[in-house]
Amino acid sequence: MPLTPKAAIKEVQDISSLAARTFISAFKRPLYLKDILIQMDLIGVGSLAVIVLTGFFTGAVLTLQTSKTLSTFGAIGFTGQLVAVSLVRELGPVLASLMVAGRVGSGIASELGSMLVTEQINAMRALGTDPIKKLVVPRVLATTTMLPILTVVADAVGVMGGLFIAVFVLHISSNLYLNSAWDALDYMDVVGGLLKPLVFGATVSLVGCYCGLRTHGGTQGVGRSTTQAVVASSILILVFNLILTRIILAYSQ
Amino acid sequence: MNGECVLEMKNVVKQYGDNLVLDGVSFKLFRGETKIIIGASGSGKSTILKLIMGLDRPDEGEILVEGQEIARLRESDLVAVRSKIGMVFQESALFDSLTVRENVAYQLYEDGIDDDKIEPKVRETLGFVGLEDAIDKMPSELSGGMKRRVALARALIGRPDIMLYDEPTAGLDPITSRKINELIIALRDIQGVTGVFVTHRLRDAFTLATEYATNGGSATTFHREGPLLCIANTRFLLLRDGKIIFEGPDELLRRSDDPYIKRFLA
């Protein structure tokens, strides 16, 4: 079905309404603490392997690419600085969030979509449970809290990946690389690097829940919702990254 | 019909897009009675159940559950109404990440009841549907018939006043369907549970309308009504294109001269 302007506005209205209901429900009893912890484990610990691999190879490739350019200016000693700043400010939050969007956003959409088409969500409502409180709030809280932690892991492993290449391939001293990396980072880099995944985490989980909860058309519909969740949250991550970068840079000057 | 009216639908209209699913549906359900809603696929049978449960809202009309109008209630206010009603969904709708015990006890966990009080209740309810041995199984390990019986146990554990059955025998073999029907008959005749039974399987509908259960000590026995004996407290509603075209007992339904009803029953 083509996305008309009216339909697009309706989508924005619906997802905003879901976000508002989720926010209000997060402060109402009952708080499903067990479900929140389960989701934190599934989303946070479950994504660790993907995040570690992504971070390591991104840092390694970044080091290889930047060192080549920097060496032409005789500035190979700044490799650590460039890798650390790029990772903490941009690549860490964005790549970690995109990986989580692919892994977690799709999982949330398919799980809730399957529950919807098999009437488990109606059964839940019939048994007196609010699906927003029981299903959406734990997933949004878990993703929003775990993504900044995963980003820190991705940043750290990325710097280590860069260190590996710097020492064993480029033969740069590890002290030079690490000191240059450490000195380059300032307070706003860290704040910005943690603020971004906080926003991206809320975006990925809300989009995943929204796509899952409006699934229609049986199992085919579940597949469609999953794809839409990944595509929409990936695009939103890139759009919000631009907006947040602009705001953070304005405040850091 | 005498007795206390526990559920009433008044001129209910429901439309999905351009599709008019219910067009002025009105009926009353009395305490202890089972209403069997039959009709072709897409005639609005399941929609009636969803409206009674407050899972969907009518476009027009009123729905009264024990005298309370529920059609315009907020979701949070519907919780109290839903606690009076149990529902068995068409495909069981068991929570597939929870065990049979957790599925059946779900409502009790939500109500904050102590674990030591939950266990005997779960075992008693599973015992009623004959599945106490499956208490630790996951839904994926159960057959279709077992899933329906677990769904029945889950709906019954809160001791609802009204039970809604959405095609509980659809897709099951005759022996398993018979088991489900016997449980529903026992609930109606021995426990006095009021119910709405939606089906398009006439055989199941007439089983419910013509058989009754008695409890002779420890065992429940099932009997068929004689030609002059009408014991089963059951009435039929026949839906066609969102309208009720027949309401009454099975004897009148069978004797109807309406060409559509004759064709439907053939």
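Conventions we followed
- Here the residue numbers are simple positions, counted from 1 along each chain's written sequence.
- Whichever chain is written first is A, and whichever ligand is written first is 1; the rest continue in order.
- Per-residue local features are limited, in this predicted model, to residues with pLDDT of at least 70; the limit for side-chain atom pairs, both in listing and counting, is 80 or more; totals at the level of whole chains, interfaces and linings are taken over all residues.
- Calculated side-chain values reflect all of the structure's heavy atoms, with hydrogen atoms and water omitted.
- Secondary structure elements are taken from DSSP: a helix is a run of H or I of four residues or more, a strand is a run of E of two residues or more, and numbering for both begins at the N terminus.
- As defined in this context, the radius of gyration uses C-alpha atoms, and a globule is described by 2.2 Å times the residue total to the power 0.38.
- Under the scheme applied here, a residue whose accessible area is under 20% of the maximum for its type counts as buried, over 50% as exposed, and between as partly exposed, the area being computed with a 1.4 Å probe on protein chains only.
- Contacts are assigned to residue pairs that have any heavy atoms within 4.5 Å of one another.
- A pair of strands is labelled paired if DSSP reports no fewer than 2 bridges between them.
- Think of each axis as a best-fit line through the C-alpha atoms, taken over the contacting stretch in the case of a helix, with angles from 0 to 180 degrees between the N-to-C directions.
- The rule for a salt bridge is simple: a side-chain nitrogen of Lys or Arg has to be within 4 Å of a carboxyl oxygen of Asp or Glu.
- Each residue gets one label: Ala, Val, Leu, Ile, Met, Phe, Trp, Tyr, Cys and Pro are nonpolar, Asp, Glu, Lys and Arg are charged, and the others, such as Gly, are polar.
- In summary, the pairing rule links any two rings of Phe, Tyr or Trp, Trp by its six-membered ring, whose centres are within 6.5 Å, and it sorts them by plane angle into stacked for under 30 degrees, edge-to-face for over 60 and tilted for everything else.

## Observations concerning the overall build of chain B
Okay, step 1: If you tally the helices and strands in chain B, you get nine helices and twelve strands.
Okay, step 2: Relative to the globule expectation of 18 Å for 266 residues, the C-alpha radius of gyration of chain B, 18 Å, shows essentially globular dimensions.
Okay, step 3: Taken along the three principal axes of its C-alpha coordinates, chain B extends 55 × 45 × 35 Å.
Okay, step 4: Per-residue burial for chain B yields a buried fraction of 52% across its 266 residues.
Okay, step 5: Look at the contacts in chain B between residues 6 or more apart in sequence, and 64% of them connect residues 24 or more apart.

## Examining the sheet that holds strand β12 (residues 243–248) of chain B
Note: strands within a sheet are paired through backbone hydrogen bonds, in either parallel or antiparallel orientation.
Residue and element names in this part refer to chain B.
Okay, step 1: The strand order β6-β7-β8-β3-β11-β12 describes an open sheet built from six strands, whose pairing is mixed. Of all strands in the sheet, those with a lone pairing partner are β6 (85–88) and β12, marking the two edges. Along the sheet, successive strands turn relative to each other by an average axial angle of 15°, direction set aside.

## Some details on the interface of chain A and chain B
Okay, step 1: Taken together, the 13 residues of chain A in the interface contact 17 residues of chain B.
Okay, step 2: Seen at the junction of chain A and chain B, the total is two salt bridges.
Okay, step 3: For the side of chain A that touches chain B, the residue count by class is five nonpolar, five polar and three charged.

## Let's talk about the packing of aromatic side chains
Okay, step 1: On inspection of all chains with the given rule, the structure shows eight aromatic pairs over all chains.
Okay, step 2: Ring centres 6.0 Å apart and planes at 50° place the aromatic pair A:Phe56 and A:Phe164 in the tilted group. In this pair, A:Phe56 is assigned in helix α3 (residues 48–72) and A:Phe164 in helix α6 (residues 131–168), connecting sequence segments 108 residues apart.
Okay, step 3: Its relative accessible area of 26% is what places A:Phe56 among the partly exposed residues.
Okay, step 4: Ring centres 5.1 Å apart and planes at 35° place the aromatic pair B:Phe206 and B:Phe236 in the tilted group.

## Here's the deal with the sheet that holds strand β5 (residues 68–69) of chain B
Residues and elements named next belong to chain B.
Okay, step 1: What the four strands build is an open sheet, ordered β2-β1-β4-β5; its pairing is antiparallel. Looking at which strands have only one partner, the edges of the open sheet turn out to be β2 (19–30) and β5.
Okay, step 2: When strand β1 (residues 5–16) meets strand β4 (residues 60–65), the two strands line up antiparallel, connected through five bridges. Note on β4: the bridge partner recorded for Glu8 is Leu64.
Okay, step 3: In this fold helix α1 (residues 45–53) packs onto β1, β2 and β4, with an angle of close to 120° to the strand it touches most, β1.

## Let's talk about the environment of B:Gly158
Residue and element names in this part refer to chain B.
Okay, step 1: With respect to the helices and strands, Gly158 occurs in the loop between α5 (144–156) and β7 (162–166).
Okay, step 2: A relative accessible area of 31% places Gly158 in the partly exposed class.
Okay, step 3: Linking Gly158 and Asp111, residues 47 residues apart in sequence, is a C-alpha distance of 9.9 Å.
Okay, step 4: In contact with Gly158, other than residues within four places in its own chain, are Ser83 and Gln107.

## Things to note about the pattern of salt bridges
Residues and elements named next belong to chain B.
Okay, step 1: Under the criterion given, the structure shown has 29 salt bridges over all chains.
Okay, step 2: A salt bridge links Glu66 to Lys84; the shortest N-O distance between them is 3.6 Å. In this pair, Glu66 is assigned in the loop between β4 and β5 and Lys84 in the loop between α2 (75–82) and β6, connecting sequence segments 18 residues apart.
Okay, step 3: Accessibility expressed as a relative area gives 29% for Glu66, which makes it partly exposed.
Okay, step 4: On the basis of relative accessibility, which here comes to 25%, the residue Lys84 falls in the partly exposed class.

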